[in-house]
Amino acid sequence: MKFPSLIRKQFCKQPIWLTLYGEGLDEDGAPVVVYDRNELYPSGALKPSDTLYGDPLYCNFQEEVKTIFTADKKRVQANGILLIPFDIIPSAATISGGYAIINGVKRDIVQGVKARNPDGTVNFVELDVI
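First things first, this report covers the structure right here in the doc. Note that the structure is predicted; figures quoted are calculated from it, not measured.

## What to know about the pattern of salt bridges
Note that side chains of opposite charge can pair when their charged atoms are close.
Moving on, step 1. This structure, assessed with the given rule, holds two salt bridges.
Moving on, step 2. Of the charged contacts in the structure, one is a salt bridge between R107 and E63, with a shortest N-O distance of 2.6 Å. On the criterion of sequence distance, the pair formed by R107 in strand 6 (residues 105–116) and E63 in strand 3 (residues 57–69) is long-range, its members being 44 residues apart.
Moving on, step 3. A residue is classified by how much of its surface remains accessible, and R107, at 11% relative accessible area, is buried.
Moving on, step 4. With a closest N to O distance of 3.1 Å, D87 and K114 form a salt bridge. With a gap of 27 residues between them, D87 in the loop between strand 4 (74–84) and strand 5 (97–102) and K114 in strand 6 connect regions that are remote in the sequence.

## What about the side chain of N117?
Moving on, step 1. Of note, N117 is situated in the loop between strand 6 and strand 7 (122–129).
Moving on, step 2. Leaving out residues up to four positions away in the same chain, N117 has contacts with F3, V122 and N123.

## A word on the nonpolar core
Moving on, step 1. Counting residues in each nonpolar core, the largest one holds 20 residues, and the members touching the most others are I16, L18, L20, L82, I84 and L127.
Moving on, step 2. Those elements that place two or more of their residues in this core are strand 1 (14–25), strand 3, strand 4, strand 5 and strand 7.
Moving on, step 3. Among the elements that line this core, the one with the most residues is strand 7, at four residues.
Moving on, step 4. Among all residues touching L20, those that are not within four sequence positions of it are V32, V33, V34, Y35, I88, I89, I95, G97, G98, I109 and L127.

## Observations concerning unusual backbone geometry
Moving on, step 1. Phi at N103 is positive, roughly 55 degrees, even though this residue is not glycine.
Moving on, step 2. By the element assignment, N103 lies in the loop between strand 5 and strand 6.

## Thoughts on the pairing of strand 3
Moving on, step 1. Bridge count for strand 1 against strand 3 is three bridges, and the pairing is antiparallel. When the bridges of strand 3 are listed, P15 appears paired with Y58.

## Structural notes on the pairing of strand 6
Moving on, step 1. Where strand 5 and strand 6 come together, five bridges link them in antiparallel fashion. Each residue of the ladder has a partner; that of I101, found in strand 6, is K106.
Moving on, step 2. Hairpin connection between strand 5 and strand 6: a loop of two residues separates the two successive antiparallel strands, and N103 in this loop has a positive phi of roughly 55 degrees.
Moving on, step 3. As paired strands, strand 6 and strand 7 are joined by seven bridges and run antiparallel to one another. Of the residues in strand 7, the one forming a bridge with G112 is L127.
Moving on, step 4. Counting the residues in the hairpin turn of strand 6 and strand 7 gives five residues, including G120, whose phi is positive at 100 degrees.

## Comments concerning the environment of V32
Moving on, step 1. Within the secondary structure layout, V32 lies in strand 2 (residues 31–36).
Moving on, step 2. The sequence separation of V32 and G97 amounts to 65 residues, and the corresponding C-alpha distance is 10.0 Å.
Moving on, step 3. Those residues in contact with V32, other than ones at most four positions away along the chain, are L20, Y21, G22, E23, G24, L25 and D26.

Cut-offs used in this document
Residues numbered from 1 in each chain as written. Predicted model: local features only at pLDDT ≥ 70, side-chain atom pairs only at ≥ 80, totals over all residues. Heavy atoms only, no water. Salt bridge = Lys/Arg side-chain N within 4 Å of Asp/Glu carboxyl O. Helix = DSSP H or I, 4+ residues; strand = E, 2+ residues; numbered from the N terminus. Buried < 20%, exposed > 50% of the residue type's maximum accessible area, 1.4 Å probe, protein only. Contact = heavy atoms within 4.5 Å. Core = buried A, V, L, I, M, F, W, Y, C linked by side-chain atoms within 4.5 Å. Pairing = 2+ DSSP bridges.

Here you go:
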């Protein structure tokens, strides 16, 4: 049985560059990288170029910005959700973290969810960023 895609590709227009970490650590104590498109964005001073490095990954990006008032000052916090309409790393069972570059801003991934169909296949990937 074929299940419908809950995130439609036609609505995924935001280009992103990802580095995703899997479970565990490597021999140096660093997180295990399971997906890396960092070569598309080699430094903080350069802007990514589709003509030089190929197409980026496209997603549906929803952003939420809120102001938090503390005792000494106010702080603005930006959160977002990246919705990717397919399984970008089928070899990895989970996504434990990483970072995404969206609109030239590097954001940390705090949670990764692979939304599954009843038969166990992945329908879409949701990444929460701050």
